[in-house]
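Observations on chain architecture
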Amino acid sequence: MHSVNIDNDKKVYTTNYGNFKGVDLSTDAFLVDRARSPWAPNLISDTGGMPEKRMGWRTLVKVDSPINGIFMAVIGETQHILVHGGTKLYELNTSVNTVTELIAEVNNARSTSVFMGGKLYVFTGAEFLAYDGNTVSAVVGKIPEIIIGRSPTAGGGTALEAINLIQPKWCEGFLGMANVTEYQLSYGDLDAALVTAQKLGSDGTWTDLVENINFTVNRTTGKVTFSAAPGVSPVTGQDNVKITASKVREGYADKVNKATVAAIYSDNTIFAAGAEKGIDYRCDFSDPTFWPDTGYDYIGSNETEIMGYLPIGKYLAIIKEDNEQDSTVFLRPTATVDDETVFVRVPSVTGIGAVSKGAMGTLRGEPLFLSRQGVFAITSNIVTTEKMVQNR
C-alpha cells in the first residue's frame with residue numbers, strides 16, 4: 001500500500017475590492033480597475049460601450065409550446081401577428097394582449113412564412129397554409145390546363161401549362177371530331193375523384209357534363225367515352241371539349257408542403273426548399289397556388305441541404321450547409337430568353353456554409369448567416385465585384 005501526502009497548507013489568494021464605482025464593459029476583464037466589475041448580469045453595453053440597464057420582460061400571452069414562429073403581415077390596412085405555438089396557429093392582438101386560435105393540428109416544428117398578394121403563406125414543414133386576414137386554410141392548388149388543341153384519337157396538341165405539384169387535377173382541351181365518342185387523356189391510372197367535362201355549344205356557352213350520366217371513364221387507360229359524340233367545334237380552331245381528371249402523384253405535394261425555408265424574389269416568385277436536399281422549387285409568376293412540376297433547380301450537390309435565402313441587390317443568395325468541398329453560396333439572377341424571364345444560379349463562395357436555418361437574415365443592410373466559424377456577411381470584392389464572405 002502506498003501512502004499519499006495531501007497538502008492541506010495550500011495558499012489562498014484574496015483580492016479585496018473597495019470603493020466600488022460600477023461596471024466597466026469596455027475593458028478586457030483582466031485589465032479592469034479593481035474599483036469596477038467586468039461583469040454584471042443586470043447590465044449590458046450600449047453601442048458606445050457604456051453600461052446601461054438590461055431591459056426586463058413580462059408575459060403578454062401564453063400559447064402552446066414551443067413557439068415555432070412569429071409572423072407579421074399588413075393585410076389591407078391592418079397589421080396582423082400570427083404565432084405558431086406547438087400544433088396551433090394563433091393571432092396575437094397586442095392592443096389587449098390576447099390570442100385567438102385560428103387552426104389546430106398543424107405540424108409541431110419550426111415554420112417560416114412569406115407575404116404575397118395580400119395573403120401570408122406559412123410553411124410548417126408538413127403543410128402549406130394561407131392566411132387572408134380572417135382564416136387560415138391549406139392552399140388550394142390551381143387546376144392547370146396542360147394542353148390545348150388535342151385530338152380525341154391521335155393525341156398531340158399544344159402544351160400550355162405544367163402539372164401543378166400541389167393539385168392532383170389537370171385539364172385538357174380537345175378539338176372535337178364528328179361521330180367520335182372516345183377521347184384519350186394524356187395520363188392513365190386516374191384516382192377516384194370524379195372526372196368532369198364541358199362541351200361548347202353553338203351559342204358560345206359551355207355546358208357541364210357529368211360522369212356516369214353523360215360519359216364513362218376507364219381510369220386505368222385514361223379513356224373517356226361519351227354517350228353522344230360532342231361533335232365538331234362551332235368555332236374553327238377553338239377547343240369545344242374540356243376534360244378535367246385527377247391523378248395523385250406520389251411525393252408531388254410534399255415537395256412544397258415539406259419546405260422548411262422560403263423567400264420571395266423579384267416581388268412575384270416564391271422559392272421554397274427543405275423537402276429534398278439540394279433542390280428548390282418555385283411558384284408560377286405571382287401565383288402561390290401554382291407550383292409547376294418543371295419549376296425546380298438543383299443547387300450544387302444534392303448531398304448538402306439548402307439552409308436559407310438572403311436578398312442581395314438584384315440577386316437572391318442561396319445558402320447551403322458546408323461539406324468542406326462544394327460551393328456553399330449560390331447567386332440567383334434573372335435572365336430573359338425568348339422574351340421569357342428565367343432564373344439562373346451561379347456558384348459564388350466555397351468553404352463557408354450555414355449551420356442554422358434560423359440564424360440568417362439582413363442586419364443594417366448586411367446579409368448575414370451563422371457558420372461553424374462564426375457570423376459571416378456576404379460582401380463584394382472592391383476590385384473584382386465578385387461576391388465573398390467576411391467574418392463579422
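Calculation rules
Residues numbered from 1 in each chain as written. Predicted model: local features only at pLDDT ≥ 70, side-chain atom pairs only at ≥ 80, totals over all residues. Heavy atoms only, no water. Patch = residues over 30% accessible without salt bridge, like charges linked within 9 Å, V, L, I, M, F, W, Y side chains within 5 Å. Areas by Shrake-Rupley, 256 points an atom, 1.4 Å probe, with all protein chains shown as cover. Salt bridge = Lys/Arg side-chain N within 4 Å of Asp/Glu carboxyl O. Helix = DSSP H or I, 4+ residues; strand = E, 2+ residues; numbered from the N terminus. Buried < 20%, exposed > 50% of the residue type's maximum accessible area, 1.4 Å probe, protein only. Pairing = 2+ DSSP bridges. Axes fitted to C-alpha atoms, helices over the stretch in contact; angles between N-to-C directions. Contact = heavy atoms within 4.5 Å.

A word on a nonpolar patch on the surface. Taken together, the side chains of Val355, Leu370 and Val375 define a hydrophobic patch exposed on the protein surface, amounting to about 190 Å² of accessible area. Relative to the helices and strands, Val375 is located in strand 32 (residues 374–380). The class of Val375 is partly exposed, set by a relative accessible area of 34%.

Spatially, 3-4-5-6 is the arrangement adopted by the four strands of the open sheet, whose pairing is antiparallel. With partners counted over all chains shown, the strands left at the sheet margins are strand 3 (67–75) and strand 6 (98–103), one partner each. For this sheet, the mean inter-axis angle between neighbouring strands, taken without regard to orientation, is 30°. Two strands pair when backbone bridges link them, and strand 4 (residues 78–85) and strand 5 (residues 88–93) are joined in this way by five bridges, in the antiparallel orientation. Each bridged residue has a counterpart across the sheet, and for His84 the counterpart in strand 5 is Leu89.

Among the secondary structure elements, Asp322 is positioned in the loop between strand 25 (315–320) and strand 26 (327–332). Filtering out sequence-adjacent residues up to four positions away, Asp322 remains in contact with Thr328, Gly351, Ile352, Gly353, Ala354 and Arg372.

The side-chain alternation of strand 7 (residues 112–116) yields one buried face, formed by Thr112, Val114 and Met116, and one unburied face, formed by Ser113 and Phe115. Taken together, the five bridges between strand 7 and strand 8 (residues 119–123) define a ladder with antiparallel strand orientation. Within the sheet, the bridge partner assigned to Ser113 lies in strand 8 and is Val122.

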